[in-house]
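Now for the letters of each chain:
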Amino acid sequence: MTELPLSGITVVSVEQAVAAPYATRQLADLGARVIKVERPGDGDFARRYDTTVQGQSSYFVWLNRSKESLTLDLKSARGREILEQLLAGADVFVQNLAPGAAGRLGLDAAALVARHPVLIPCTVSGYGTTGPWADRKAYDLLIQCQTGLVSLTGTAGESARAGVSVADIAAGMYAYSGILTSLYTRAVSGVARAVEVSLFEALAEWMQQPAYYTRFGGTQPPRLGTQHATIAPYGAYPAADGQEVLFSVQNEREWAALCEQFLERPDLVDDPRFATGPDRVTHRDALNEIVAERFRRSDSQEVTKLLDAAGIANAGVNSVAQFLDHPVLRERDRWREVPIPGGSVPALLPPVDLAGTDPRMDAVPAVGAHTEAILAELGHDAEGIARLRADHVV
């Protein structure tokens, strides 16, 4: 097996919750050594979000495989001294502390660059480290609300949050790509560039299409459940057996095929109500009645078969349990067993495959599982480590 791309890279992360841990887990997948600094005792508070995975948190298991856990009290002088020892040999430092906390601890980007010129600091914040909201706390759903995403999801009668932590995931992805870019820049030029990502600005990027639509269209896209605001027909419809099938028409060829082969209404191809994509959106209600009536004449398997034959993209509306048993994941061998405290769980391989390499899929650590080993590596003897424990530094 080819050596993983980030083998030899050391990442120290004072992280919690979702965004920063997601960034560092992806670095660990590629072979980086990730040392996760946690509070003595409780550790990352995401460990206690739930207990559904054999007593462990589903969030924590997802985000923290292949990492080493070191407990440190960063409010103590000795705890910060140990962190400085780690940073002296690290390539990347990641933190998503509460607003102002990094500065009080001397862990803001400017201070770190002054002390460790080759270190790449990465800051993940809520609304940025400057500006009018720099001191505000931010969580995923708050950001979904502030960016307007919640106003776009749900139905006409009720808004809804996205079902996964999209702001955290977006920020984690941008932090990850920013760190990779800075590592490349350092390798080429020798200059270590600090990385900063905010949850708000990460999700703001994802909101650009509805933002353009609203700015230049005069109104924001409506909430339509599984229907699409700017494409029709596009949505989920119940078949005769009650199962929903979602399909989408993306172009005029597909529209003609839908009319002729599935709807059995070739006259609709040239119907002026449905002549163009915008026309079909304008007359969505009439079109939905025609589509719904056709769906009621066939069960979901037959609907899928007919749409496939017409070359129309479609999908059943799966439950999470159905997703877990999806044939694509099964037949492409995407699951791997990962140890967790007290057991093991199946975990999905990272979505990016690099030819000739297998990603790291190592254990999810217990709180402080690597504390003694890391301290010994830094030169602390058994007696010194015992004193640190007695004084609650680790």
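A brief look at the structure comes next. (Residues numbered from 1 in each chain as written. Predicted model: local features only at pLDDT ≥ 70, side-chain atom pairs only at ≥ 80, totals over all residues. Heavy atoms only, no water.)

**Observations concerning the side chain of Asn 288**
Next, step 1: Of note, Asn 288 is situated in helix α12 (residues 284–295).
Next, step 2: Reaching out from Asn 288, the side chain makes a polar contact with the side chain of Gln 227 at a distance of 3.4 Å. (Helix = DSSP H or I, 4+ residues; strand = E, 2+ residues; numbered from the N terminus. Polar contact = N/O pair within 3.5 Å; in protein donor to acceptor, adjacent residues only side chain to side chain.)

**As for the packing of helix α1 (residues 19–29) against helix α7 (residues 166–189)**
Next, step 1: Relative to each other, α1 and α7 sit at 45 degrees, their axes nearing to 7 Å. On the basis of their axis angle, the class for α1 and α7 is oblique. Taken as a pair, α1 and α7 cross one another with a handedness that is right-handed. Each of Ala 19, Tyr 22, Ala 23, Gln 26 and Leu 27 in α1 lies in contact with α7, whose residues at this interface are Asp 168, Ile 169, Ala 171, Gly 172, Met 173, Ala 175, Tyr 176, Ile 179 and Leu 180. (Axes fitted to C-alpha atoms, helices over the stretch in contact; angles between N-to-C directions. Parallel < 35°, antiparallel > 145°, perpendicular 65-115°, else oblique. Left-handed = near helix turned anticlockwise from the far one by under 90°. Contact = heavy atoms within 4.5 Å.)

**Quick word on the nonpolar core**
Next, step 1: If you look at the biggest cluster of nonpolar residues, it comprises 36 residues, and the most contacted ones within it are Val 11 and Val 124.
Next, step 2: Only α1, β4 (92–95), β5 (120–125), α7, β8 (195–198) and α8 (199–206) provide two or more residues apiece to this core.
Next, step 3: In terms of residues, this core owes the most to one element, α7, which gives 8 residues.
Next, step 4: Leaving out residues up to four positions away in the same chain, Val 11 has contacts with Thr 24, Leu 27, Ala 32, Arg 33, Val 34, Ile 35, Val 92 and Val 94.
Next, step 5: Listed in part, the 25 residues of the second largest apolar core include Phe 247, Ala 256, Leu 263 and Phe 295. (Core = buried A, V, L, I, M, F, W, Y, C linked by side-chain atoms within 4.5 Å. Buried < 20%, exposed > 50% of the residue type's maximum accessible area, 1.4 Å probe, protein only.)

**A word on the layout of surface pockets**
Which parts of space are left empty comes out when a probe the size of a water molecule is rolled across the atoms.
Next, step 1: The calculated volume of the largest pocket comes to roughly 990 Å³.
Next, step 2: Lining the largest pocket are 26 residues, and of these Trp 62, Phe 323, Leu 324, Trp 335 and Leu 348 sit closest to its centre.
Next, step 3: At the level of elements, α1, α2 (58–63), α14 (320–324), β12 (335–340) and β13 (343–348) are the ones that each hand at least two residues to the lining of the largest pocket.
Next, step 4: Grouping the amino acids of the lining of the largest pocket by side-chain chemistry returns 20 nonpolar, 3 polar and 3 charged.
Next, step 5: Here the second largest pocket is characterised by a volume of approximately 740 Å³.
Next, step 6: In this structure, the second largest pocket is lined by 39 residues; those nearest its centre are Asn 96, Leu 97, Ala 98, Val 124 and Ser 125.
Next, step 7: Breaking the lining of the second largest pocket down by element, the ones donating at least two residues are α4 (101–104), β5 and β8.
Next, step 8: Along the lines of polarity and charge, the residues of the lining of the second largest pocket split into 21 nonpolar, 11 polar and 7 charged. (1 Å grid on protein atoms, 1.4 Å probe; cavity = no way out; pocket = protein on both sides within 12 Å on 5 of 7 lines; lining within 4 Å. Points joined across faces, edges and corners; volume = space filled by probe spheres on them. Nonpolar A, V, L, I, M, F, W, Y, C, P; charged D, E, K, R; others polar.)

**Some remarks on the pairing of β12**
Next, step 1: Here 6 bridges tie β12 to β13, and the two strands are oriented antiparallel to one another. Bridging across to β13, Trp 335 finds its partner in Leu 348.
Next, step 2: Between the end of β12 and the start of β13, which pair antiparallel, lie 2 residues, with Gly 342 showing a positive phi angle near 90 degrees. (Pairing = 2+ DSSP bridges.)

**Some words on the sheet that holds strand β1 (residues 10–14)**
Next, step 1: The strand order across the open sheet formed by 6 strands is β3-β2-β1-β4-β5-β8, and the pairing between neighbours is parallel. Across the chains shown, the open sheet's two edge strands, defined by having one partner strand only, are β3 (67–71) and β8. The average undirected angle you get between the axes of adjacent strands in this sheet is 20 degrees.
Next, step 2: Pairing analysis gives 5 bridges linking β1 to strand β2 (residues 33–38), with the strands arranged parallel.

**Looking at the sheet that holds strand β11 (residues 314–316)**
Next, step 1: The 3 strands are arranged β9-β10-β11 in an open sheet whose pairing can be described as antiparallel. Two strands close off the open sheet at either side, each with one partner strand: β9 (234–238) and β11. Across the sheet, the axes of successive neighbouring strands diverge by a mean angle of 20 degrees, strand direction being ignored.

**Topic: the side chain of Asp 168**
Next, step 1: Within the secondary structure, Asp 168 is located in helix α7.
Next, step 2: For the buried Asp 168, which has no salt bridge, the nearest side chain bearing the opposite charge is Arg 161, at an N-O separation of 7.8 Å.
Next, step 3: Discounting chain neighbours no more than four positions away, the residues touching Asp 168 are Val 18, Ala 19, Asp 140 and Leu 199. (Lys, Arg positive; Asp, Glu negative; His and termini not counted. Salt bridge = Lys/Arg side-chain N within 4 Å of Asp/Glu carboxyl O.)

**Section: a positive patch on the surface**
Next, step 1: On the surface, a cluster of positive charge is contributed by Arg 39, Arg 48, Lys 75 and Arg 104.
Next, step 2: Among the secondary structure elements, Lys 75 is positioned in the loop between β3 and α3 (77–88).
Next, step 3: Among the residues examined, Lys 75 registers a relative accessible area of 76% and is labelled exposed. (Patch = residues over 30% accessible without salt bridge, like charges linked within 9 Å, V, L, I, M, F, W, Y side chains within 5 Å. Areas by Shrake-Rupley, 256 points an atom, 1.4 Å probe, with all protein chains shown as cover. Charge placed at Lys NZ, Arg CZ, Asp CG, Glu CD.)

**A closer look at α7**
Since one α-helical turn is 3.6 residues long, residues separated by three or four positions face the same way.
Next, step 1: The end-to-end C-alpha separation of α7 is 34 Å, in line with the 34 Å expected for 24 residues at 1.5 Å each.
Next, step 2: Just beyond α7, the residue with positive phi is Gly 190, at close to 85 degrees. (Expected span 1.5 Å × (residues − 1).)

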